[in-house]
Amino acid sequence: MRELVQRSIDADGVVGRAPPRRGQRGVTVNLAESPLAWLAARGLLSVAQLEAGERLRADYEAAQLGARVTMRWDATPAGVRGGGVPEPGLGAIAAKRRFDAALAQVGPGLGDIVWRVVCAGESVPGAEKALGWPARAGRLVLGMALDRLAAHYGLPVG
C-alpha cells in the first residue's frame, strides 16, 4: 500500500511534517512504510503512542544505530579513532543517551517489540513471529510499551 505525501526539507536536509511552501525543497514520503503509521491510520494507536514511537525512532536514527547497507563513499573525517572509525558527533551521542534512557524506561520485556516495530520497521506479525509470541499478542504488548514510552516523554497517556 502506498500513501504518498509531499513534505518539506530544510537547509540541513531534515524532512519536516508540513508540505513544502512555494520555492522550498520537498520530497515525496510514503507514510505507509512505517508500521507505526499504519497502526495509527487504522485507529489502533493513540496520538501520544504514535508521537512517542516517532520520537524514539528519531533518536535511533540520529544516533546512527542502524546497520549500514551500502558502501560509504564520503571522505574520512579529520578526527578518526584507531581503526578508521569516525568519532560520533555530540548530537549522535546525545541521541544515543536519549534512546538508551527511553528503552530502559520501557523495560526489558517490552523493549524488544518496540525496537523491532519502531526502529527496525518490522510489521507486528513479523515481530511476533521473531519473538516466538502467539499471534495477535504483539499489538497489545506494543500498546503497553508505547504507553510507557509516552509517559517517559511526558506525553498525555489516554
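Residues numbered from 1 in each chain as written. Predicted model: local features only at pLDDT ≥ 70, side-chain atom pairs only at ≥ 80, totals over all residues. Heavy atoms only, no water.

Points about the overall build of the protein
In terms of regular secondary structure, the protein is built from six helices and two strands. Moving toward the C terminus, one meets the helices and strands of the protein in the order β-β-α-α-α-α-α-α. Relative to its full complement of 158 residues, the protein shows a buried share of 29%. Sequence separation of at least 24 residues holds for 53% of the intrachain contacts in the protein that already meet a minimum separation of 6. Counting every atom, the protein has about 10100 Å² of accessible surface; 56% of that belongs to carbon and sulfur. (Helix = DSSP H or I, 4+ residues; strand = E, 2+ residues; numbered from the N terminus. Buried < 20%, exposed > 50% of the residue type's maximum accessible area, 1.4 Å probe, protein only. Contact = heavy atoms within 4.5 Å. Areas by Shrake-Rupley, 256 points an atom, 1.4 Å probe, with all protein chains shown as cover.)

Some details on the packing of aromatic side chains
Evaluation of the coordinates by the stated rule reveals two aromatic pairs. Between Tyr 60 and Phe 99 the ring centres are 5.5 Å apart and the planes differ by 50°, which places this aromatic pair in the tilted class. Highlighted residues: Tyr 60 in helix α2 (residues 47-62) and Phe 99 in helix α3 (residues 90-106), separated in sequence by 39 residues. The same class applies to Tyr 60 and to Phe 99, which are both buried. Here the aromatic rings of Tyr 60 and Trp 115 are separated by 6.5 Å at their centres, their planes lie at 75°, and the arrangement is edge-to-face. Here the residue Tyr 60 occupies a position in helix α2, and Trp 115 occupies one in helix α4 (residues 108-119), the gap between them amounting to 55 residues. (Phe/Tyr/Trp six-rings, centres within 6.5 Å; stacked < 30°, edge-to-face > 60°.)

Thoughts on the layout of surface pockets
Here the idea is plain: a probe the size of a water molecule rolls over the atoms and shows the empty space left. As a volume, the second largest pocket reaches approximately 260 Å³. What lines the second largest pocket is simply Pro 35, Trp 38, Leu 39, Leu 44, Ser 123, Val 124, Pro 125, Glu 128, Arg 136 and Arg 139. If you list the elements that add at least two residues to the lining of the second largest pocket, you get α1 (35-41) and α5 (124-131). When grouped by side-chain class, the residues that make up the lining of the second largest pocket number six nonpolar, one polar and three charged. (1 Å grid on protein atoms, 1.4 Å probe; cavity = no way out; pocket = protein on both sides within 12 Å on 5 of 7 lines; lining within 4 Å. Points joined across faces, edges and corners; volume = space filled by probe spheres on them. Nonpolar A, V, L, I, M, F, W, Y, C, P; charged D, E, K, R; others polar.)

Notes on the environment of Phe 99
A relative accessible area of 5% places Phe 99 in the buried class. Between the alpha carbons of Phe 99 and Leu 56 there is a distance of 6.3 Å; along the sequence they are 43 residues apart.

Topic: unusual backbone geometry
We note that Arg 136 has phi near 70°; this positive angle belongs to a residue other than glycine. Tracing the chain through its elements places Arg 136 in the loop between α5 and α6 (137-153).

Side note on the confidence of the model for the protein
Averaged over all residues, the pLDDT of the protein is 82; the fraction at 70 or higher stands at 79%. Across the protein, the element-wise mean pLDDT spans from 78 in strand β2 (residues 26-30) up to 94 in α6. (pLDDT = per-residue confidence, 0-100.)

Examining the pattern of salt bridges
Taken as a whole and assessed by the stated rule, the structure comprises six salt bridges. Note that Asp 59 and Arg 98 form a salt bridge whose closest N and O atoms lie 2.8 Å from each other. Of this pair, Asp 59 sits in helix α2 while Arg 98 is found in helix α3, placing the two residues 39 residues apart along the sequence. Several salt bridges share partner residues, and in doing so they unite Glu 54, Arg 57 and Glu 61 into one network. (Salt bridge = Lys/Arg side-chain N within 4 Å of Asp/Glu carboxyl O.)

Examining α4
Over its twelve residues, α4 runs 16 Å from end to end, which matches the ideal 16 Å to within 8%, given 1.5 Å per residue. Of all the positions in α4, only Leu 110, Gly 111, Ile 113, Val 114, Val 117, Val 118 and Cys 119 are classed as buried. Where α4 is buried, its residues touch α1, α2, α3, α5 and α6. Phi turns positive, to about 75°, at Gly 121, one or two residues after α4. (Expected span 1.5 Å × (residues − 1).)

Some details on the side chain of Glu 54
Secondary-structure assignment places Glu 54 in helix α2. Discounting chain neighbours no more than four positions away, the residues touching Glu 54 are Arg 17, Ser 34 and Leu 36.

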